[in-house]
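Listed below, chain by chain, are the residues.
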Amino acid sequence: MPVPELLVLFGSQTGTAQDQAERLGREARRRRLGCRVQALDSYAVANLIREPLVIFVCATTGQGDPPDNMKNHISQMHKVVLRLKALVHPLFNFVAKKLHRRLLQLGGSALLPPCLGDDQHELGPDAAIDPWLEALWEKVLGLYPVPLDLPVIPPGIPLPSKFIFQFLQEAPSTGSGELSITSSAPQGPASELQPFLAPMVANERVTGLQHFQDVRLIEFDITGSGISFAAGDVVLIQPSNSAAHTKQFCQVLGLDPNQYFVLQPREPGVPCPPGLPQPCSVRHLVSQYLDIASVPRRSFFELLACLSPHELEREKLLEFSSARGQEELYEYCNRPRRTILEVLCDFPNTAGAIPADYLLDLIPQIRPRAFSIASSLLAHPTRLQILVAVVQYQTRLKEPRRGLCSSWLASLDPQQAGPVRVPLWVRSGGLVFPETPGTPVIMVGPGTGVAPFRAAIQERVAQGQTENFLFFGCRLRDQDFYWQPEWQKLEERGCLTLVTAFSREQEQKVYVQHRLRELGALVWELLNLRGAFFYLAGNAKYMPTDVAEALISVFQEYGGLSNSDAAAYLASLQRTLRFQTETWA
C-alpha cells in the first residue's frame, strides 16, 4: 500500500509557527513519509477534501487576528491542529480555536487532541510540542506503516538541502535580476514581492538628549508610488543587515561577498524564494535576505549539529538541540538574546564548514517590520511618516542588543549625497475609524502608541470632525511629549481635547488610566450617550489591562453598573468595534 503524503499548512506572523511546521516536515521525511509544508494562503482550499491527513500550525496575532498568510476557510478532512499562542491577552489562540471548531463542524476527525504551544514559556513552545509529536508519529505510523526496508533517518544525518547553489565564474551583466529589484519605479501596487523604494526625506530625533530612548520621526516621499492609506493603516518596511555584520558573516563562513550564484531546487515543482533575484550575489543574500541578527531557534542547532565536522562543537550543538538541553539552550541563547551571527562566531570550526547549499535551510528570511502610519494623506498628500523607538538594551553580553529595523532606520541619513531609499508597502491595520459625521472618538495612546492617532486626528480634522479626545502619556513633557506644538494648535482651534499624563513629574506616578478615571463622567457620557468609539494603542505588557480596569471602574461609578454588567458592557463595545486596540510586545 502506498504511503500517503502528509500536508502541513501554517499561518505564521513572526516565524514561530512556520518553524514548527517545517520541523514537522523534517520529522516526516526522516520517517520516510512524504510531506508538503505550505503557507495557508498558497494552498487551494478546495483541494483539502482530497487530503488524507492535514496538520495545521496556527498562530494568533494582535487581538485574536489571523496571521497575514492565513485567511482561507476550511473544508472536510482528517486533521490535527497544532496551536501556538504568540501573545498573552484574552484572545490568544482565538484563530486556532475558531479553526478547530469549524473543522469539527465540517466533519473532520481529530487524530489527537490539539497541542497548545506557548511562545511565552521560558523554554518556548517545544515544552508542550515535544511530547505531543511523539504521540503524533506513533498514531500516524500506526495508520500508515512505512515498509521495513526503509529505516528511519537518524537525527545526526542531515537531510538534503532544499536548494543547490550554482556559483557563477563571472559576475552577470547589469541587466541582472538583482539590479532590477532595486528600481524605484513601481510596476504595480507596492507589495512584499515588489516594495516601493521610498526616498527618506527626514530622520529627526524627537526625544530630548537626556531621555533614555532615541525616538525618531521619519518621513518618506511616496510621490508616484500609487500608495494610498487611511488612518489606522500600517506600513511594512524591509530592513537590511549592517555592512559590518554582512562582512563578518562572510568572513566566518569563508564566503566571497562579490560572488554570484543561481539557485536550483533539488525537487521538481519547488519554487525559488521569491525575495531573491536570479542571479544573486552573496552580499545581497546576506545583507538583504538572511536574518543573521535574529535569535536562533532550536531547529538551527539541530541542522548545525548535523553539518559540524568538529567533535567538541558538534557535541555541544547536539546538546542544545536535544529535549533535555532546552534549559541550557535558553540560558545560552534566548535569555541573553544571542544572535545567529554570534552563535556562528562561538562555533567557528562548524561555521567554516557549512556548505552554501544549506544556508537557506539554516537561516530564516528577514521579515518585514510593521509601523503605524503617523500621518494622513489629507494633511501630507505625498508623504508618509512613522514614529520609531530605536530598540537598544543590555543583557549579560558585552555588545548591546539592537533592533534590526529600528537601528537600521536610525542609521540612515537623508542629508547624505544621493537619495536614501527604503523598501516599503502598506496594508490595512487593526484600527478602523467611524465614517459617520459627528461621532466622537476617544484615543488612548501613551508613548509611541500615539502614532496612529496623529494620523486619525489629521484625517478627521481635514474632514471637519472636531470631537477628538486624546489621552496621551509620557515621562516628562520636555523630553518625550511628541507633537506638543501640533496638539496645542489643534486645541486652540477647537478640534482636539488633549488630556496628558506625565508619569515622572510628581512623586506619585500618573498614567493614562488615572486620567480616564478622573474624567470618568465625560468618558461615560461620550460612550453611553453619544455613541463614541474608544481606541487604545501602545505597549501590550500592562497598559491595556490597566486601561480596561479603569473603564470598568468608570462604568460602575458613573453608569451604576455592577462589576459583571460593566465587563459585559465593555465586551459589547468590543463586539461592535466601538472598542479597538492595537498593541505590541
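As annotated in an unreviewed UniProt entry, the chain carries the name NADPH-dependent diflavin oxidoreductase 1 and is attributed to Jaculus jaculus. In its Catalytic activity (unreviewed entry) section, the UniProt entry covering the chain states "2 oxidized [2Fe-2S]-[protein] + NADPH = 2 reduced [2Fe-2S]-[protein] + NADP(+) + H(+)". According to the UniProt record, the Subunit (unreviewed entry) comment for the chain is "Interacts with CIAPIN1; as part of the cytosolic iron-sulfur (Fe-S) protein assembly (CIA) machinery."

On to the overall build of the chain. A count of helical and extended segments in the chain gives 19 helices and 22 strands. Burial statistics for the chain: of 585 residues in total, 50% are counted as buried. Here the contacts in the chain between residues at least 6 apart in sequence split such that 76% fall between residues at least 24 apart. Put simply, the chain shows about 27,300 Å² of open surface, and 52% of that area lies on carbon and sulfur atoms.

Here the chain shows a mean pLDDT of 89. Residues at 70 or above account for 88%. For the stretch residues 179–183, pLDDT sits under 50, and the model shows 7 contacts to residues farther than four places along the chain or on other chains.

On to the pairing of strand β8 (residues 196–205). Pairing between β8 and strand β17 (residues 421–427): 4 bridges, direction antiparallel. Pairing of Ala198 across the sheet is with Val422, part of β17. Direction of pairing for β8 relative to strand β9 (residues 215–221): antiparallel, over a ladder of 5 bridges. Bridged to Arg205 within β9 is Arg216.

Strands pair in a sheet through their backbones, by hydrogen bonds, and they do so in one of two ways: parallel or antiparallel. Taken together, the 5 strands give an open sheet; going across it, the order is β20-β19-β18-β21-β22, and neighbouring strands pair in parallel fashion. The open sheet has two edge strands with one neighbour each: β20 (497–502) and β22 (579–584). When the angles between neighbouring strand axes are averaged without regard to direction, this sheet yields 10 degrees. The sheet contact formed by strand β19 (residues 468–474) and β20 spans 6 bridges and is parallel.

For the rest of this paragraph, the subject is the UniProt feature "binding site: FAD" (unreviewed entry) in the chain. UniProt feature "binding site: FAD" (unreviewed entry): in the numbering of this structure it lies at Arg337, Arg369, Ala370, Phe371, Ser372, Gly403, Leu404, Cys405, Ser406 and Trp584. Its place among the elements puts Arg337 in the loop between α9 (326–334) and α10 (340–346). If near-sequence neighbours (up to four positions away) are discounted, Arg337 is found in contact with Val295, Glu342, Tyr393, Thr395 and Arg401. Take Leu404: its relative accessible area is 14%, and that puts it in the buried class.

Turning to the packing of helix α17 (residues 520–529) against helix α18 (residues 543–559), a few remarks are in order. Where α17 contacts α18, the axes come no closer than 9 Å and their chain directions differ by 85 degrees. As summarised for this structure, α17 and α18 are arranged roughly perpendicular, according to the angle between their axes. Each of Gly520, Ala521, Val523, Trp524 and Leu527 in α17 lies in contact with α18, whose residues at this interface are Leu551, Val554, Phe555, Tyr558 and Gly559. Residues that form the contact of α17 with α18 fall into these classes: 8 nonpolar, 2 polar and no charged.

What follows is about the packing of aromatic side chains. In this structure the tally under the stated criterion is 17 aromatic pairs. Centre to centre, the rings of Phe320 and Tyr332 are 4.9 Å apart; their planes meet at 15 degrees, and the pair counts as stacked. Separated by 12 residues along the polypeptide, Phe320 in helix α8 (residues 311–321) and Tyr332 in helix α9 bring together distant segments of the chain. Accessibility expressed as a relative area gives 14% for Tyr332, which makes it buried.

Of all the positions in α17, only Gly520, Val523, Trp524, Leu526 and Leu527 are classed as buried. Along the long axis of α17, the arc covered by the buried residues comes to 165 degrees, so they all point the same way. Of the surrounding secondary structure, the elements contacted by the buried residues of α17 are β18 (441–444), β19, α16 (512–518), β21 (533–539), α18 and α19 (563–575).

This brings us to the pattern of salt bridges. One pass over the structure, following the stated rule, counts 23 salt bridges. One salt bridge in this structure joins Arg298 and Glu302, with 3.6 Å as the shortest N-O distance. Of this pair, Arg298 and Glu302 both sit in helix α7 (residues 298–307), 4 residues apart, which is roughly one turn of that helix. Relative accessible area serves as the criterion here: at 10%, Arg298 is assigned to the buried category. A relative accessible area of 23% places Glu302 in the partly exposed class.

As a further point, take the sheet that holds β9. Pairing is antiparallel across the open sheet formed by 6 strands, whose spatial order is β13-β10-β17-β8-β9-β14. What marks the edges here is a single partner per strand, and that holds for β13 (369–372) and β14 (383–389). Taking each pair of neighbouring strands and ignoring which way they run, the sheet shows an average axis angle of 40 degrees.

Rules behind the numbers
Within each chain, residues carry numbers counting from 1 in the order of the written sequence. Per-residue local features of the predicted model are confined to residues with pLDDT of at least 70, and side-chain atom pairs are confined, for both listing and counting, to 80 or more; whole-chain, interface and lining totals are unaffected and use all residues. Based on all heavy atoms of the structure, the side-chain values leave hydrogens and waters out of the count. UniProt positions are given in the numbering used here, feature names are shortened, and annotations may be inferred rather than shown by experiment. Under the DSSP-based scheme used, a helix requires at least four consecutive residues in state H or I and a strand at least two consecutive residues in state E, with every element numbered from the N terminus. When accessible area is computed with a 1.4 Å probe and restricted to protein chains, residues below 20% of their type maximum are described as buried, those above 50% as exposed, and intermediate ones as partly exposed. Contacts between residues were defined by any pair of non-hydrogen atoms, one from each residue, lying within 4.5 Å. Per-residue and other accessible areas follow the Shrake-Rupley method at a 1.4 Å probe size, with only the shown protein chains counted as cover for residues. Each residue carries a pLDDT value, the predictor's own confidence for that position, ranging from 0 to 100. A pair of strands is labelled paired if DSSP reports no fewer than 2 bridges between them. Axis definition: a line fitted to C-alpha atoms, over the contacting stretch in the case of helices. Angles run 0 to 180 degrees between N-to-C directions. Our angle categories are set so that under 35 degrees counts as roughly parallel, over 145 as roughly antiparallel, 65 to 115 as roughly perpendicular, and the remainder as oblique. In this classification, Asp, Glu, Lys and Arg are treated as charged, Ala, Val, Leu, Ile, Met, Phe, Trp, Tyr, Cys and Pro as nonpolar, and every other residue, Gly included, as polar. Stacked, edge-to-face and tilted labels apply to pairs of Phe, Tyr and Trp rings (six-membered ring for Trp) whose centres lie within 6.5 Å, assigned for plane angles under 30 degrees, over 60, and everything in between, in that order. Think of the arc as the fan of directions from the helix axis to the C-beta atoms. Salt bridge criterion: a side-chain nitrogen from Lys or Arg within 4 Å of a carboxyl oxygen from Asp or Glu.

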